Amino acid sequence: MSNAHIIGFGKSGIAAARLLKREGWEVMLSDRNTSEILLKQQQALAEEQITVKLGHSLELDGADLPDLIVVSPGVPWDIPALVKARELGIETIGEMELAWRNLRSLPWVGITGTNGKTTTTALIAAIFQTAGFDAPACGNIGYAACEVALAEKAPDWVIGEMSSYQIESSVSLAPQISIWTTFTPDHLARHQTIENYYNIKAKLLRQSQLQVFNGDDAYLQKVGVTDWPDAYWTSVKGKDFLIGEKGFYIEDGWVVEQLQADSTPQRIIEASALRMVGAHNQQNLLMSVAAARLAGIAPEAIDKAVRDFPGVPHRLEHICTWEGIDFINDSKATNYDAAEVGLASVSSPVVLIAGGEAKPGDDTGWLASIQTKAAAVLLIGAAATAFAQRLQELGYSNYEIVETMENAVPRGAELAKQHQASVVLLSPACASFDQYPNFEVRGDRFRQLCLEFVKEGV
């Protein structure tokens, strides 16, 4: 019997283990962490004849080497064990690739990009489902990709949000339609250079049948038709700004489709059908409509899905209103560009809660937005002192280091009243790992604290 080793005991790792077990593999799953929750999961998987080693890192110095290694999305592709595995000729793939190998007979939509992936993926899935397709969202959103492969009945379409990590560890992944939402420096601690990061993303698009690009993104605009001569491009600025001769654009308040250079432009839906705020969400709308139309979905189904779409948790999510002040959860803004978009999308003045585990990147635009829109800034987490110093250097002094979310929420409400600000916005511009397991837990805590604060009527 062939044996497989899976690294990472999260949702993706467990689904990969079950899928391989079903295919007749001997499966070992390892994770360097350990906890009570993991121990309980370990016992449950033992009943399925899946061995789990906790507090363990893969070692390849014995005689009993695996035939296959599957890597969960969060595991760096260049850790010594994986480098050695590839040198030894052991097949090493990511969990997304394993799912693809089991579902490659189905059409996929793959969504990648630095920002905008989650909203676009969720909206595409909603449109396909409204049109009557069984089209689960998976990958970085919803199900692990291997969970979709484990389902008793195969879906009609697979809608996958794909990070650079997942693309990097995939060999043959080739969706029917791929979308590239935005491109700015991110994850450079892992990918080293922006060129590496670009090439990893580009691999997904190059292997896809149809490609859709955000033509308003500065970097993608620059590479343009030179790199992507056959792509469909989008622009919120109208037909005159469309790169190339085919794509989707907004004009006179409508999403318009131009499928070929010589075809008649067709109005699909009103841009105002989407309730989510912000110009970036108009761009997300265009890319979602593009995917749906390229899949042959009728404008009526698209219109209904878009009008009913509530948005996604942790991305400019309205939590509650207290004495005329809106509390908005933008915990998914884990880098400067996403946080800048968050600030641009809400009414000013705003009281901003920012901080966490800082990432490399250019903070210039974000800081400029703070200067023009923020009445006050509350700083939490490991980055608080460094952010305070940056604000001080710019001559912005209306900040406070409050350290925790528990301190930030009531203080935010107090300052909003004091400055007549209409919004208290959590948009951290940072990863969450200094204080929380992930951005979802951080956003959930913000939501909980806001609702408790309002309930108590402080």
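You'll find the structure just up there.
Residues numbered from 1 in each chain as written. Predicted model: local features only at pLDDT ≥ 70, side-chain atom pairs only at ≥ 80, totals over all residues. Heavy atoms only, no water.

A. The layout of surface pockets, seen in detail. One number sums up the size of the second largest pocket: a volume of about 550 Å³. Around the second largest pocket, the lining is made up of 24 residues, and of these Thr 182, Asn 214, Asp 217, His 280 and Val 341 lie nearest the centre. Sorting the residues of the lining of the second largest pocket by element identifies α10 (218–227), α11 (279–294) and α13 (336–345) as the ones contributing at least two each. For the lining of the second largest pocket, the element with the most residues is α11, which contributes five residues. A breakdown of the residues in the lining of the second largest pocket according to their chemical character gives eight nonpolar, eleven polar and five charged. (1 Å grid on protein atoms, 1.4 Å probe; cavity = no way out; pocket = protein on both sides within 12 Å on 5 of 7 lines; lining within 4 Å. Points joined across faces, edges and corners; volume = space filled by probe spheres on them. Helix = DSSP H or I, 4+ residues; strand = E, 2+ residues; numbered from the N terminus. Nonpolar A, V, L, I, M, F, W, Y, C, P; charged D, E, K, R; others polar.)

B. Quick look at the sheet that holds strand β3 (residues 51–54). As summarised here, the arrangement of the five strands in space is β3-β2-β1-β4-β5, forming an open sheet in which the pairing is parallel. Of all strands in the sheet, those with a lone pairing partner are β3 and β5 (91–94), marking the two edges. Going across the sheet, the axis of each strand differs from the next one's by a mean of 20 degrees, ignoring polarity. The pairing of strand β1 (residues 3–7) with strand β2 (residues 26–31) spans five bridges and is parallel. By the bridge assignment, Ile 6 is partnered in β2 with Leu 29. Contacting β1, β2 and β4 (68–71), helix α1 (residues 11–22) crosses the sheet at an angle of about 170 degrees to β2. Those strands touched by helix α4 (residues 95–103) are β4 and β5, and its axis lies near 90 degrees from that of β5. (Pairing = 2+ DSSP bridges. Axes fitted to C-alpha atoms, helices over the stretch in contact; angles between N-to-C directions. Contact = heavy atoms within 4.5 Å.)

C. A look at α1. For α1, which comprises twelve residues, the first-to-last C-alpha distance of 17 Å matches the rise-based estimate of 16 Å (1.5 Å per residue) to within 8%. Among all positions in α1, only Ser 12, Gly 13, Ile 14, Ala 15, Ala 16, Ala 17, Leu 19 and Leu 20 are buried. Next to the buried residues of α1 lie β1, β2, α2 (36–46), β4, α4 and α6 (145–150). (Expected span 1.5 Å × (residues − 1). Buried < 20%, exposed > 50% of the residue type's maximum accessible area, 1.4 Å probe, protein only.)

D. Fine view of the pattern of salt bridges. Applying the stated criterion to the full structure yields 16 salt bridges. Here Glu 48 and Arg 18 are joined by a salt bridge, their closest N and O atoms 2.9 Å apart. Highlighted residues: Glu 48 in the loop between α2 and β3 and Arg 18 in helix α1, separated in sequence by 30 residues. On the accessibility criterion, Glu 48 (30% relative accessible area) is partly exposed. Take Arg 18: its relative accessible area is 34%, and that puts it in the partly exposed class. Its salt-bridge partner being Arg 307, residue Glu 270 comes within 3.4 Å of it at the nearest N-O pair. Taken together, the residues span a long stretch of sequence, with Glu 270 in strand β14 (residues 266–270) and Arg 307 in helix α12 (residues 299–308) at a distance of 37 residues. (Salt bridge = Lys/Arg side-chain N within 4 Å of Asp/Glu carboxyl O.)

E. Representation of unusual backbone geometry. Cis geometry is adopted by the peptide bond preceding Pro 349, which originates at Ser 348 and carries an omega value of 0 degrees. For Pro 349, the position within the fold is in the loop between α13 and β17 (350–355). A positive phi is found at Gln 49, a non-glycine position, where the angle reads about 60 degrees. Position of Gln 49 among the secondary structure elements: in the loop between α2 and β3.

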